[in-house]
Amino acid sequence: MSRARAFARDAIGSRDLIHMSAATANFQVRQLSVLLGGNPAALKDWAASWEKGRVLGYVAVICTGAGLYGAAMGYWRSPVQAGYNLVKFPLVILATTMGNALLNGMLAPLLGLDLRFRQSLMLVLMSFTIVAAVLGSFAPIVFFIVWNTPSLAGQQEVSWAAYNFVQLTQVVLITFAGVAANLRLFRLLHSLSGSGSVARKILFAWLAGNLFLGSQLCWILRPFIGSPVLPVEFFRPNAFQGNFYETVFRAIGHLFS
Amino acid sequence: MNDSHSTPPPIPANPPSGAPALPLGSNPDEAVPIPNFVGAIEAILRQPRRVMFQLRQPGSGRLIAAMLTVSVVCSLIYGVIAGTFSGGTQLWAAPVKSTCGLLISALICLPSLYIFSCLSGSSARLGEVFGLVAGLLLLMTILLIGFAPVAWVFSQSTESVAAMGALHLAFWLIATCFGLRFLSAAFAHYSHSGDGLKVWIAIFLLVMLQMTAALRPILGTADTFLPKEKQFFISHWMKSLKAGK
């Protein structure tokens with residue numbers, strides 16, 4: 001009996017997958033569950049074809065999910081910062097995707113998976129869509145946490161306990177979203193290449209490139225929360241002075257000097 | 001969904017790397033001539049064996065010319081990106097120097113590659129070796145184009161010559177690794193002994209690194225187009241690091 005039920009459930013599941021993969025070129029909200037499920041059988045088809053409607057759907061999810069999460073984060077500082085983050089968070093993701101698109105497209109075939117340029121772009125976009133969807137779902141929670149934390153606005157003395165708690169929450173949530181998306185991307189790459197080693201190499205190369213550029217773009221587009229003693233701004237006046245890695249090296253240098 | 005989109009093109013996977021290498025030309029796709037510049041770029045990225053096979057065919061000169069032309073164009077573009085760090089005369093000087101450095105390094109090292117390949121028992125003709133070096137340059141420079149947006153973002157947001165130099169070196173090293181992997185794979189079809197090639201790779205890397213000192217400044221500014229003082233690349237880097245710029 002239970003085996004029959006399982007079979008029926010499987011049959012319905014596979015029918016849904018076929019429906020999802022072939023029903024529409026436009027990305028619909030209900031398809032988000034398929035993307036988040038990360039079933040390679042369904043996502044293979046989506047990755048293989050470049051459909052404008054679907055790409056626009058991914059961009060819409062990134063703008064909404066990442067934007068809302070950024071806004072919730074920025075609200076701690078001020079509502080204006082929340083508004084800025086609504087634009088800046090998706091901008092970081094989309095600029096990273098586009099900035100590394102050419103490189104990612106070249107690395108995939110060189111590392112053993114003969115993806116077309118658009119297919120690799122699609123895979124990276126799908127992965128960022130998962131990140132944005134997860135982050136977007138956490139936005140109300142972050143907003144709630146921020147709402148219950150003493151505001152940074154106008155405070156000269158920051159409560160370090162509150163600051164550290166919010167910071168830690170952001171790290172945990174962003175890490176969770178990143179891990180979830182990359183696990184699904186790995187499964188998809190594994191399924192496409194038929195080799196775990198090739199999938200690992202490509203994932204590592206893409207991750208390294210995206211982290212490298214993404215960190216610098218975050219640095220340029222700072223602040224996302226901002227110091228309470230500095231004004232709320234879209235860009236800092238010195239946005240293009242120095243880079244993320246120099247600052248990290250200098251900080252390490254100060255630590256040991 | 002459109003009916004035309006109901007059966008998306010499959011994503012082909014390359015054969016596992018552990019599989020034994022088949023002789024060149026055993027796959028009919030490899031026998032298809034490479035018609036133009038775009039074809040050469042596509043082939044070097046996706047079907048490197050096709051490039052290797054085509055270089056062995058009569059009339060491979062056109063392919064070699066196409067690969068060299070694309071290499072020069074890509075190198076010039078990357079050079080402009082490097083030049084945006086300092087602006088001014090570097091906008092034309094950096095691309096000229098990076099392209100000349102690349103071509104001169106390849107030309108300087110070409111005879112030794114041919115000799116090393118002969119010493120390893122290879123049957124490759126000089127024209128084929130020249131073609132493989134053109135393939136190496138092509139792969140290196142198109143990968144550098146892939147890195148160009150990242151390099152541009154950093155060159156607009158830092159004033160440190162040392163940091164930008166390190167970044168460009170890292171990109172160059174990654175691109176060179178992929179290029180040399182192509183060269184090694186190609187030479188595996190000519191000779192079973194790769195010792196000579198390993199020595200040549202070390203020489204080639206040293207020559208290219210020395211070009212960063214011989215053609216300085218590629219980043220930063222100077223009064224003259226070429227340096228007045230001769231320097232080994234390590235001492236040039238050390239001086240740049242000590243200058244703290």
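The structure reproduced in this document is the subject of the present report. Note that this is a predicted model, so its numbers are computed, not measured. (Residues numbered from 1 in each chain as written. Chains lettered and ligands numbered in written order. Predicted model: local features only at pLDDT ≥ 70, side-chain atom pairs only at ≥ 80, totals over all residues. Heavy atoms only, no water.)

**Regarding the interface of chain A and chain B**
- Listed as interface residues are 41 residues of chain A and, on the opposing side, 32 residues of chain B.
- Ranking the residues of chain A by area buried against chain B places Met106(A), Leu110(A) and Asp114(A) at the top, with a combined share of 21%.
- Inspection of the chain A/chain B interface yields two salt bridges.
- The partner of Glu42(B) in a salt bridge is Arg116(A), and the shortest N-O contact between them spans 2.9 Å.
- Our count for the chain A to chain B interface comes out at six residue pairs in polar contact (both at pLDDT 80 or more).
- Among the elements of the structure, α1 (2-23), α3 (40-48), α6 (101-110), α7 (117-147), α8 (160-193), α9 (196-220) and α10 (244-256) of chain A are those that each provide at least two residues to the side of chain A that touches chain B.
- It is α6(A) that provides the largest number of residues to the side of chain A that touches chain B, a total of six residues. (Contact = heavy atoms within 4.5 Å. Buried area = accessible area lost by both parts, 1.4 Å probe. Salt bridge = Lys/Arg side-chain N within 4 Å of Asp/Glu carboxyl O. Polar contact = N/O pair within 3.5 Å; in protein donor to acceptor, adjacent residues only side chain to side chain. Helix = DSSP H or I, 4+ residues; strand = E, 2+ residues; numbered from the N terminus.)

**Regarding the side chain of Arg236(A)**
All names here are of chain A.
- Mapped onto the elements, Arg-236 comes out in the loop between α9 and α10.
- Judged by its relative accessible area of 11%, Arg-236 is buried.
- A polar atom in the side chain of Arg-236 sits 2.8 Å from the side chain of Glu-233.
- Setting aside its immediate chain neighbours within four residues, Arg-236 contacts Arg-222, Pro-223, Gly-226, Ser-227, Leu-230 and Pro-231. (Buried < 20%, exposed > 50% of the residue type's maximum accessible area, 1.4 Å probe, protein only.)

**Quick word on α3(A)**
- Looking at α3(A), one finds that the buried residues are Pro40(A), Ala42(A), Leu43(A), Trp46(A), Ala47(A) and Ala48(A).
- By the N-cap criterion, in which a side-chain oxygen at the helix start approaches the backbone nitrogen of a residue two or three places on, α3(A) is capped by Asn39(A), the distance to Ala41(A) being 3.0 Å.

**Section: the packing of aromatic side chains**
- Scanning the entire structure with this criterion turns up 19 aromatic pairs over all chains.
- Geometrically, the ring pair formed by Phe244(A) and Tyr245(A) is edge-to-face, given 4.9 Å between the ring centres and 90° between the ring planes.
- Pairwise contacts between aromatic rings join Phe212(A), Phe244(A), Tyr245(A), Phe147(B), Phe154(B) and Phe171(B) into one cluster.
- Against the face of Trp219(A) rests Arg222(A), its NZ or CZ located 4.0 Å from the ring centre. (Phe/Tyr/Trp six-rings, centres within 6.5 Å; stacked < 30°, edge-to-face > 60°. Lys NZ or Arg CZ within 6 Å of the ring centre and 35° of its normal.)

**Structural notes on the pattern of salt bridges**
All names here are of chain B.
- By the definition in use, this model includes eight salt bridges over all chains.
- For the salt bridge of Arg-49 with Glu-30, the shortest nitrogen-to-oxygen distance reads 2.9 Å. Here the residue Arg-49 occupies a position in helix α2 (residues 48-55), and Glu-30 occupies one in the segment before α1 (37-46), the gap between them amounting to 19 residues.
- Owing to a relative accessible area of 22%, Arg-49 belongs among the partly exposed residues under this scheme.
- Of the residues examined, Glu-30 reaches a relative accessible area of 6% and is grouped as buried.

**Thoughts on the packing of α6(A) against helix α5 (residues 126-155) of chain B**
- α5(B) packs onto α6(A) with a crossing angle of 140° between their chain directions and a minimal axis gap of 7 Å. With respect to α5(B), the element α6(A) is oriented oblique. Here the hand of the crossing between α6(A) and α5(B) comes out left-handed. Between α6(A) and α5(B), the residues in contact are Leu102(A), Leu103(A), Met106(A), Leu107(A) and Leu110(A) and Leu139(B), Ile142(B), Leu143(B), Ile145(B), Gly146(B) and Phe147(B), respectively.
- Of the residues belonging to the contact of α6(A) with α5(B), the class tally is 10 nonpolar, one polar and no charged. (Axes fitted to C-alpha atoms, helices over the stretch in contact; angles between N-to-C directions. Parallel < 35°, antiparallel > 145°, perpendicular 65-115°, else oblique. Left-handed = near helix turned anticlockwise from the far one by under 90°. Nonpolar A, V, L, I, M, F, W, Y, C, P; charged D, E, K, R; others polar.)

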